[in-house]
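# Examination of the molecular architecture
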Amino acid sequence: MTNNFKFGVDKQEWVGSHVIFDIIDLGDKTQVKFTHRGLTPDMECYEVCHAAWTYYIHESLNQFIMNGQGLATPKESPIAMPKISEELLPEQAGKSIYHRLLIKVSVEKVYRAITTQEGLAGWWTPDTNAVAAIGSVLRFGFGPDYFKEMEVLALRPYSLVVWKCKAGYEEWIGTTLTFELTPHQKGCTLLFHHDGWANFSGEFASCSYDWALFFRSLKFFCETGKGFPYPDFNV
């Protein structure tokens, strides 16, 4: 077995290891015992791989067996990065909000939390209508009289998500929101930037603070299964 991870220094840690599935008949049930023999705690990739295998075995494989639909890694977006960069450069010339945090789960789990309707509803707002597809428009309701709409510009599993705001407060419209995910030995690093703000306004300041609260919600949602979506995000 070989590997070519995009993180870490040693690209050969999986070489010579074995991935083993023991399938045990328990009568009316079946037990699956998974072992990655040769992957040890002293290896650079151990924590990242442990988190990823936990996601794929406990969640993706289990859902596939029980429901016929797993959580396999989706295909990468056909939109090339240079095209995305060209679209974003004009907005990035303005003011930007930045946040960076460590979430102690796999990048796969964080990616699902920021791309699926169930995930987004769990940490941002329950009134979410979302389809994970390039060009789709996501709708997020905040109370009876206000909503935001985001066009999906980029989806690169499990590393990049880019939205462009199409509806919301005037200062939001035309801004871009970028989620960059990087594997970390303790889970996943999220770098978020909200680009294209015209001025350091009151709305800019309020939005920066609210994003910090919502990313606390995202962290709790990913790590414990329960976030603090609107309207409870600032409790």
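Note: the structure precedes this text.
Residues numbered from 1 in each chain as written. Predicted model: local features only at pLDDT ≥ 70, side-chain atom pairs only at ≥ 80, totals over all residues. Heavy atoms only, no water.

## Considering the overall build of the protein
Each helix and strand in the protein was counted, giving five helices and nine strands. Listed N to C, the secondary structure of the protein is β-β-α-α-β-α-α-β-β-β-β-β-β-α in terms of helices and strands. Burial analysis of the protein (235 residues in total) assigns 43% to the buried set. Sequence separation of 24 or more characterises 48% of the internal contacts of the protein that already satisfy a separation of 6 or more. Total accessible area on the protein is roughly 13000 Å²; 54% of this is exposed by carbon and sulfur atoms. (Helix = DSSP H or I, 4+ residues; strand = E, 2+ residues; numbered from the N terminus. Buried < 20%, exposed > 50% of the residue type's maximum accessible area, 1.4 Å probe, protein only. Contact = heavy atoms within 4.5 Å. Areas by Shrake-Rupley, 256 points an atom, 1.4 Å probe, with all protein chains shown as cover.)

## With respect to the sheet that holds strand E3 (residues 95-103)
Reading across from one edge, E3-E9-E8-E7-E6-E5-E4 is the order of the seven strands in this open sheet, with antiparallel pairing throughout. What marks the edges here is a single partner per strand, and that holds for E3 and strand E4 (128-129). Contacting E3, strand E8 (176-184) and strand E9 (187-197), helix H5 (residues 202-224) runs over the sheet at an angle of about 20 degrees to E3. (Pairing = 2+ DSSP bridges. Axes fitted to C-alpha atoms, helices over the stretch in contact; angles between N-to-C directions.)

## Thoughts on the nonpolar core
In terms of nonpolar packing, the biggest core is built from 45 residues, with Trp 123, Trp 124, Met 150, Trp 163, Trp 211, Phe 215 and Leu 218 touching the most fellow members. Looking at which element gives the most residues to this core, the answer is H5, with nine residues. (Core = buried A, V, L, I, M, F, W, Y, C linked by side-chain atoms within 4.5 Å.)

## Points about the side chain of Ser 17
Counting through the fold element by element, Ser 17 comes out in the segment before strand E1 (18-25). Judged by its relative accessible area of 7%, Ser 17 falls in the buried class. A polar side-chain atom of Ser 17 sits 2.6 Å from the main-chain carbonyl oxygen of Trp 14. (Polar contact = N/O pair within 3.5 Å; in protein donor to acceptor, adjacent residues only side chain to side chain.)

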